[in-house]
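One-letter residues, chain by chain:
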Amino acid sequence: MTKAMPRIGSRRSGRIGSRKNGRRIPKGIIHVQASFNNTIITITDVRGRVVSWASAGTSGFKGTRRGTPYAAQAAAIKAIRTVVDQGMQRAEVMIKGPGLGRDAALRAIRRSGILLSFVRDVTPMPHNGCRPPKKRRV
């Protein structure tokens, strides 16, 4: 008979409960990326770790409806609902992209009750870098 070895690194000897629900986040950064086809809302803490995210596609919109302002509003509400439950009160907003969902997402963020410290447009602008594609002939 061999002696049973004690399990040192087993999977069960971890923490009990979910780690995501344990964190309290008083302040965060809301990133809105609005393209012509979709709007992606990512909410991070101040160190840049993603806490919650949603897009128009994950909110149930498919095809050309993903680029609409209403889809962006629904995505923003869905992403913010989870972080409000975790205790977020203040946030900074970074908006990127030329899409239709930028203003609708910002309106939904304002109505959520989170105090906004500032709203910044971080759309990348070329300083006459790459040559643009040729014009479409329709």
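Everything numeric in this text was worked out from a predicted model, so none of it was measured.

Participant: It is not clear to me how the environment of Asp-85 should be interpreted in this structure. Could you clarify?
Facilitator: Mapped onto the elements, Asp-85 comes out in helix α1 (residues 69–85). A relative accessible area of 59% means that Asp-85 is categorised as exposed. Measuring from C-alpha to C-alpha, the distance between Asp-85 and Ile-25 comes to 9.7 Å, with 60 residues separating the pair along the chain.

Participant: Is there a simple way to think about the side chain of Asp-45 in this case?
Facilitator: Tracing the backbone through its elements, the reader meets Asp-45 in strand β2 (residues 39–45). Looking at Asp-45, its side chain comes within polar contact range of the main-chain nitrogen of Arg-49, at 2.8 Å. Sequence-distant contacts of Asp-45, defined by excluding residues within four places in its chain, comprise Ile-25, Lys-27, Gly-28, Ile-29 and Val-51.

Participant: Could you clarify how one ought to interpret the pairing of strand β3 (residues 50–55) in this entry?
Facilitator: Looking along a regular strand, one sees side chains alternate from face to face of the sheet. Note: β2 against β3, five bridges, orientation antiparallel. Its bridge partner lying in β3, Thr-42 is registered against Trp-53. Taking the residues that link successive antiparallel strands as the turn, the β2-β3 hairpin has four residues, and the phi of Gly-48 there is positive, at about 100°.

Participant: Teacher, can you tell me more about a nonpolar patch on the surface here?
Facilitator: Taken together, the side chains of Ile-40, Val-50 and Trp-53 define a hydrophobic patch exposed on the protein surface, amounting to about 290 Å² of accessible area. Position of Val-50 among the secondary structure elements: in strand β3. Note on Val-50: relative accessible area 47%, which makes it partly exposed.

Participant: Would you mind going over the nonpolar core with me for this structure?
Facilitator: Core analysis: the biggest nonpolar cluster contains 22 residues, and Ile-30, Val-32, Ile-41, Ile-43, Met-88, Val-93 and Ile-109 have the highest contact counts within it. Counting residues per element, this core draws most heavily on α1, at six residues. Excluding its chain neighbours within four sequence positions, the residues that come into contact with Val-32 are Thr-39, Ile-40, Ile-41, Val-93, Met-94, Ile-95, Lys-96, Ala-105 and Ile-109.

Participant: How do you make sense of the pattern of salt bridges when you look at a structure like this?
Facilitator: Close approach of charged atoms lets side chains of opposite charge pair. As enumerated under the stated definition, the model contains three salt bridges in all. Of the charged contacts in the structure, one is a salt bridge between Glu-92 and Lys-27, with a shortest N-O distance of 3.0 Å. With Glu-92 in strand β4 (residues 90–96) and Lys-27 in strand β1 (residues 27–34), this residue pair connects regions lying 65 residues apart in the sequence. One salt bridge connects Arg-102 with Asp-121, and the closest N-O pair in it is separated by 3.3 Å. In this pair, Arg-102 is assigned in helix α2 (residues 101–111) and Asp-121 in strand β5 (residues 115–121), connecting sequence segments 19 residues apart.

Participant: What exactly am I supposed to notice about the sheet that holds β4 here?
Facilitator: Strand order across the open sheet formed by five strands is β3-β2-β1-β4-β5, with mixed pairing between neighbours. Single-partner strands in this sheet number two, and they are β3 and β5. Adjacent strand axes in the sheet meet at a mean angle of 15°, parallel and antiparallel pairs treated alike. Taken together, the seven bridges between β1 and β2 define a ladder with antiparallel strand orientation. Each residue of the ladder has a partner; that of His-31, found in β2, is Thr-42. Across the sheet, α1 lies against β2 and β3, angled at about 155° from β3, the strand it touches most. Sitting on the sheet, α2 is in contact with β1, β2, β4 and β5, with an inclination near 165° to β5.

Parameters at a glance
Residues numbered from 1 in each chain as written. Predicted model: local features only at pLDDT ≥ 70, side-chain atom pairs only at ≥ 80, totals over all residues. Heavy atoms only, no water. Helix = DSSP H or I, 4+ residues; strand = E, 2+ residues; numbered from the N terminus. Buried < 20%, exposed > 50% of the residue type's maximum accessible area, 1.4 Å probe, protein only. Polar contact = N/O pair within 3.5 Å; in protein donor to acceptor, adjacent residues only side chain to side chain. Contact = heavy atoms within 4.5 Å. Pairing = 2+ DSSP bridges. Patch = residues over 30% accessible without salt bridge, like charges linked within 9 Å, V, L, I, M, F, W, Y side chains within 5 Å. Areas by Shrake-Rupley, 256 points an atom, 1.4 Å probe, with all protein chains shown as cover. Salt bridge = Lys/Arg side-chain N within 4 Å of Asp/Glu carboxyl O. Core = buried A, V, L, I, M, F, W, Y, C linked by side-chain atoms within 4.5 Å. Axes fitted to C-alpha atoms, helices over the stretch in contact; angles between N-to-C directions.

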